[in-house]
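Here is what each chain is made of, one letter per residue.
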Amino acid sequence: MKFLTFRSDGFEMLGLVSEDGRTVYPLNEIGLSYFNMTDLVTRLTEEDRQKAMDFLRAPEGGILYEETEKCAPIPRPAQDVICLGINYHAHAEEAARYEKQAFGGDRPYPIYFSKRVNEAVADGGFIESHPGLVERLDYECELAVVIGREAVNVSPEEAYDYVFGYTILNDVSARVLQTRHKQWYFGKSLDGFTPIGPWIVTADELPGRPALPIRSYVNGELRQNSNTSLLIFDIAYVISELSQGMTLLPGTIIAMGTPSGVGMGFDPPRFLKSGDTVDCQIEGIGTLHNTVR
């Protein structure tokens, strides 16, 4: 199933998305009531899950997705998004070529950092270019994991039991700020730097270790083209390691890193400019489309 957040008459609402992604059915109209997406992730019962599945077998009414006022699935995450850096081998190579001091060296352990998100950008929303502050604006298409229940001391074997679902995250980055400060928080946390969407696909739709084609396009040109099976540190490893000393709450978002093909990886680099469009696409989930302004 696909769940999303949208706005109607000024209020944020939750919706169920048709299998083809074209129609949205407000949850309150099919007898399901949750305060917001984090509440749904935390409290979704098997009974309500079954009710939603039964409805999709013979749906009625609905709103065209393209006509909805879209929001990110979790517009305001309760905590910073957890991100992985340099988690595909090919991206590690292009990053090292770009700036050895900032990105080079061996990677025997995952690189974790966080991304501050005042409000995530929706599908169709704008990536802010921050003229005068940001040089070398870059894109990073990533698989994002949404934790479904409190995770503490989880083993790798049981890690996927804690996944509610998956979405797409564009880890927009200001490369000069990122490298200047010798850490990545500021250069990745500016307002408008975290598009997420278009919805959350529940884990039962993508069982096991996801092996999904992942691509990005800038102005329609293919830039990134890889597969999530090529993650250096996979989802089970990451959930297990983080949960050994950190409680992962329901609604926690973990962005699993980006493959090669980002702007800094080209020679010469190909960074974003105002008016550019970026499409992040993961097969089995959908496409996240945003424009730079």
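The structure presented is a predicted model; accordingly, all values stated were derived computationally and were not measured. (Residues numbered from 1 in each chain as written. Predicted model: local features only at pLDDT ≥ 70, side-chain atom pairs only at ≥ 80, totals over all residues. Heavy atoms only, no water.)

A.B. asks: I tried to follow helix α7 (residues 235–243) on my own but got confused; where do I start?
C.D. replies: In an α-helix, one full turn covers 3.6 residues, which means residues spaced three or four apart are oriented alike. Across the nine residues of α7, seven count as buried, placing the element largely inside the fold. Those residues of α7 hidden inside the fold are in contact with β6 (81–85), β7 (111–115), β10 (141–147), β11 (163–170) and β16 (253–255). (Buried < 20%, exposed > 50% of the residue type's maximum accessible area, 1.4 Å probe, protein only. Helix = DSSP H or I, 4+ residues; strand = E, 2+ residues; numbered from the N terminus. Contact = heavy atoms within 4.5 Å.)

A.B. asks: It is not clear to me how empty space enclosed by the protein should be interpreted in this structure. Could you clarify?
C.D. replies: Any space left empty among the atoms is revealed by the rolling of a water-sized probe across them. If you walk through the whole model with that rule in mind, you get two cavities of 30 Å³ or more. Reported here for the second largest cavity is a volume of approximately 30 Å³. For the second largest cavity, the full set of lining residues is P73, I74, V146, T167, I196, I200 and I253. Grouping the amino acids of the lining of the second largest cavity by side-chain chemistry returns six nonpolar, one polar and no charged. (1 Å grid on protein atoms, 1.4 Å probe; cavity = no way out; pocket = protein on both sides within 12 Å on 5 of 7 lines; lining within 4 Å. Points joined across faces, edges and corners; volume = space filled by probe spheres on them. Nonpolar A, V, L, I, M, F, W, Y, C, P; charged D, E, K, R; others polar.)

A.B. asks: Sorry if this is basic, but what is going on with the packing of aromatic side chains here?
C.D. replies: Counting across every chain of the model gives five aromatic pairs. Taking the centre distance of 5.1 Å and the plane angle of 75° together, the rings of F113 and W184 count as edge-to-face. Of this pair, F113 sits in strand β7 while W184 sits in the loop between α5 (175–180) and α6 (185–188), and the two are 71 residues apart along the sequence. For F113, a relative accessible area of 12% corresponds to the buried category. On the basis of an interplanar angle of 45° and a centroid distance of 5.1 Å, the ring pair of F233 and Y237 is categorised as tilted. Of the residues examined, F233 reaches a relative accessible area of 11% and is grouped as buried. Cation over ring: R223 sits above F266, and NZ or CZ is 5.4 Å from the ring centre. (Phe/Tyr/Trp six-rings, centres within 6.5 Å; stacked < 30°, edge-to-face > 60°. Lys NZ or Arg CZ within 6 Å of the ring centre and 35° of its normal.)

A.B. asks: Just checking my understanding: could you explain the environment of S18 for this structure?
C.D. replies: Inspection of the secondary structure puts S18 in the loop between β2 (11–17) and β3 (23–26). Spatially, the C-alpha atom of S18 lies 27 Å from that of A78, the residues being 60 residues apart in sequence. The contacts of S18, once residues within four sequence positions are left out, are K2, T23, Y25 and L56.

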